[in-house]
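What follows is each chain in one-letter form.
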Amino acid sequence: MAEEEIKIVNYPKGAAIVVQNAVNSGIFYIVRSGRVAVDSEHIQVDHDLSYYEKGDSFGLVSALTEHHFLVTLFAETDVVLLQIPIRMLGSYLKERKELSMKILGLYSRELRALQKNLSKANKPADREYNPDKLFQNAKTYLGWGNSKLASHALHKYMDWAKATNHPDAYAQADALLKETKTTAQPFEWKSQKSSLDAGEVLFVESEMDRDIFVILEGHVKLFSIVRGMEYVIDVLGPGEIFGEMSLIDNAPRMASAVTDSPSVILRVTPENLFESIGESLLQKIFESVARRIWFSHQRLIILRMQSPVKRLYAFLYNSIRDQDIRVGRSLSQSYNLSYTFPMAFDELCSMCGIIKIKKESIQDFLSDTNILIEKSKITVKSRKRIEEKLGGHKTKQGHMISNVV
C-alpha cells in the first residue's frame, strides 16, 4: 500500500535504499544530500547511469506503472532522501517551479532518447534549429499527398523567412505553397481550449514551438519522417500530454502531431504553464511522461522479436496494459473487458517496425477471431487470449521479458 505522507529519510553510508526486483509501493524519491549509487546493470539508451546526487530523482516510472525496481540502490555516502507518495507529486511540485522543470526535463530527455532510438532515424545528435528542414519536410508531405501538412510546414518556414529577412527563401516556399492549391492554414488558437476536426495539424517535425498540449477529448497521432516514410511514434488519447520535450530543452519538434479524430485540446504556453494549470494537471503531465517511457521501453523489446506476428500481439498486449495502468484497473477487471485502440492496421504495423510485409507472413494474426480490424480502429475481445499467443514472452508481473526493462 502506498505511503500517505511526505517523509525525509536518512540512510547511513552503505545502507540499501531499494533492492532490485522489489515492488515500488508508490514512492517518488528526491535526493536532498549525499550520493546514491547504482549497484546493478542498468541499461540506458544514451548514457550509463551510475549514481544520483543532490537534486536528482528516481522512482517515477516504477511508482506509476507498477514496475518492480530495475536496480539496487545504496547510500555511497550518508544520504538524505525526500520520499513523496506519487499521488501527492503534483501538489508538491506545483509551488516548486524550478524543481518541477528539472525533474520533467530529466524524464523528457529520456523519453526523447527512447523515441529517437525507436524511429531508427539516425538523426544528428545536435538539436539546433534548422528551418530549411521545414521546407524539405513540406516536399516529403506533398509526396505523401498530404497538402495540409505541407501547408503548415511552409507557412512556418515563411514566418521564419519573413522574420529573419530571407526573401529568397520566402519566395521559394510561397511558390511551392501555390503549387499545392490548398487554402489550409495553421490552426488559429483563439482560446486556451479549442475543438479541432480530425486531421488538424498541431505542429510539424522540425518546427520551433514550445507549447504543451493536453488531450481532453479525442486522439492525436505523433509521427516522424523516417527514410521518406511516415513512422508512427504513438497515438495518444484523453488525459495524455504531449509537446513537453520541446519546452524543456528548447529544441525543434522531433515529430509531427495531428488529430486522429475530432478532438478537444488544451494548449498551454510556457509563460502560463504553472500559473494556468492546477496540481491535478501537473500530476497528469508527470504520469503521462512516465507511462510513455515505460511503453517506449516495451516497444524496444518488441522490435527485437524476430516474428512479425509476435510483434503485433506484443504491441496490443502492452497497449492493454497501458490502458489498465492509466485508469488503475485490476487484472481481474481487465480479463472481463474488450479493448479498442484508435489506430488503423497500417499504423499498428508501423509502430511494430513492420514495413511492406506480405499478408501471408502475418496470416495467423489477420485470421485471429479475437482481433477485430476495422478502418480506423482495432478491437481485442479478450486479453487472456492475447497472453496465450505470447506464451513465454512475458513475466508474472506482466512485463515483456528483456534485460532493458
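Every chain is numbered independently, its residues counted from 1 as its sequence is written. Selection of residues for local features in this predicted model requires a pLDDT of at least 70, selection of side-chain atom pairs for listing and counting requires 80 or more, and totals for whole chains, interfaces and linings are taken over all residues. Where side-chain values are given, they derive from all heavy atoms of the structure, hydrogens and water being excluded.

What follows deals with the overall build of the protein chain. Helices and strands together make up the secondary structure of the protein chain, namely 14 helices and 19 strands. For the protein chain, the residues scored as buried account for 53% of the 405 residues in total. Pairs of residues are marked as contacts when any of their non-hydrogen atoms sit within 4.5 Å. Taking as baseline every contact in the protein chain between residues at least 6 positions apart, the subset at least 24 positions apart corresponds to 76%. Residue exposure ignores everything except the shown protein chains as possible cover, and the areas themselves are Shrake-Rupley values with a 1.4 Å probe. As displayed, the protein chain has an accessible area near 19000 Å², and 48% of this comes from carbon and sulfur atoms. Only DSSP runs of H or I with at least four residues qualify as helices, and only runs of E with at least two residues qualify as strands; both kinds are numbered from the N terminus onward. Burial classes follow relative accessibility: with a 1.4 Å probe on protein chains only, a residue under 20% of its type's maximum area counts as buried, one over 50% as exposed, and anything between as partly exposed.

Let us look at the sheet that holds strand 4 (residues 36-38). Note on pairing: two strands pair once DSSP finds at least 2 bridges between them. Pairing is antiparallel across the open sheet formed by four strands, whose spatial order is 2-7-4-5. Unpaired on one side and paired on the other, strand 2 (16-18) and strand 5 (51-52) mark the two borders of the sheet. Here strand 4 runs beside strand 7 (residues 73-75); their pairing, made up of three bridges, is antiparallel. From the neighbouring strand, Val36 faces strand 7, where its bridge partner is Ala75.

Our next topic: empty space enclosed by the protein. Points on a 1 Å grid, built from protein atoms alone, make a cavity when a 1.4 Å probe fits but cannot get out and make a pocket when they are open with protein on both sides within 12 Å along at least 5 of 7 lines; residues with an atom within 4 Å of a point are the lining residues. Grid points are joined across faces, edges and corners, and a volume is the space filled by probe spheres set on the points. Applying the stated criterion across every chain, the model contains three cavities of 30 Å³ or more. Considered as a void within the structure, the largest cavity measures approximately 130 Å³ in volume. What lines the largest cavity is a set of 13 residues, and nearest its centre among them are Phe203, Gly243, Met245, Arg253 and Met254. Residue assignment for the lining of the largest cavity shows that the elements contributing at least two residues are helix 3 (97-119) and helix 7 (244-249). Looking at the lining of the largest cavity element by element, the count peaks at three residues for helix 7.

Our next topic: the packing of helix 9 (residues 279-303) against helix 10 (residues 308-327). For the pair helix 9 and helix 10, interaxial distance at closest approach is 10 Å and the crossing angle is 165 degrees. The orientation of helix 9 with respect to helix 10, classified from their angle, is roughly antiparallel. Considering only the axes of helix 9 and helix 10, their crossing is right-handed. Contacts between helix 9 and helix 10 involve Arg291, Trp294, Phe295, Gln298, Arg299, Ile302 and Leu303 from the former and Arg311, Ala314, Phe315, Asn318, Ser319, Arg321, Asp322, Ile325 and Arg326 from the latter. Throughout, an axis means a line fitted to C-alpha atoms (over the contacting stretch in the case of helices), and angles, computed between N-to-C directions, take values from 0 to 180 degrees. Our angle categories are set so that under 35 degrees counts as roughly parallel, over 145 as roughly antiparallel, 65 to 115 as roughly perpendicular, and the remainder as oblique. In this scheme the crossing of two helices becomes right-handed for a clockwise turn of the near helix relative to the far one and left-handed for an anticlockwise turn of less than a right angle.

Here we take up the packing of aromatic side chains. The description of an aromatic ring pair rests on the distance of the ring centres and on the angle between the ring planes. For Phe, Tyr and Trp, where Trp contributes only its six-membered ring, two rings pair if their centres lie within 6.5 Å, and the inter-plane angle classes them as stacked under 30 degrees, edge-to-face over 60, or tilted in between. Following the criterion strictly, the structure yields 15 aromatic pairs and no others. Here the aromatic rings of Tyr141 and Trp144 are separated by 5.5 Å at their centres, their planes lie at 65 degrees, and the arrangement is edge-to-face. In this structure Trp144 comes out as partly exposed when scored by relative accessible area, which is 27%. Placement of a positive charge over a ring is assigned whenever Lys NZ or Arg CZ falls within 6 Å of the ring centre and within 35 degrees of the normal to the ring plane. Directly above the ring of Tyr51 sits Arg35, whose terminal nitrogen or CZ lies 3.6 Å from the centroid. Across from the ring centre of Tyr335, 5.4 Å away, lies the NZ or CZ of Lys384, which sits over that ring.

Turning next to helix 9. Residues that lie three or four places apart on an α-helix share one face, since the helix turns once every 3.6 residues. For a helix, the expected span equals 1.5 Å multiplied by the residue count minus one. A rise of 1.5 Å per residue sets the reference length of helix 9, with its 25 residues, at 36 Å; its end C-alpha atoms lie 36 Å apart and thus fit the reference within 8%. Burial analysis of helix 9 places 21 of its 25 residues in the buried class, which makes it a mostly covered element.

Here Arg96 is to be found in the loop between helix 2 (89-94) and helix 3. Relative accessible area serves as the criterion here: at 35%, Arg96 is assigned to the partly exposed category. A distance of 2.6 Å separates the side chain of Arg96 from the backbone oxygen of Tyr92, its partner in a polar contact. Polar contacts here mean pairs of N or O atoms no more than 3.5 Å apart (in protein, one a potential hydrogen donor and the other a potential acceptor; neighbouring residues in sequence count only if both atoms are side-chain atoms).

It is worth spelling out the confidence of the model for the protein chain at this point. Counting all residues, the mean pLDDT for the protein chain is 84, and 88% of those residues have values of 70 or more. Looking at any residue, its pLDDT shows the predictor's confidence there, from 0 to 100. Element-level mean pLDDT values for the protein chain span from 66 in helix 8 (residues 273-276) up to 97 in strand 10 (residues 201-203). Here residues 121-126 scores under 50 on pLDDT; set against residues more than four positions off or in separate chains, the count is eight contacts. When the criterion is pLDDT under 50, residues 400-405 qualifies, and its contacts beyond four places in sequence or with other chains add up to 25 contacts.

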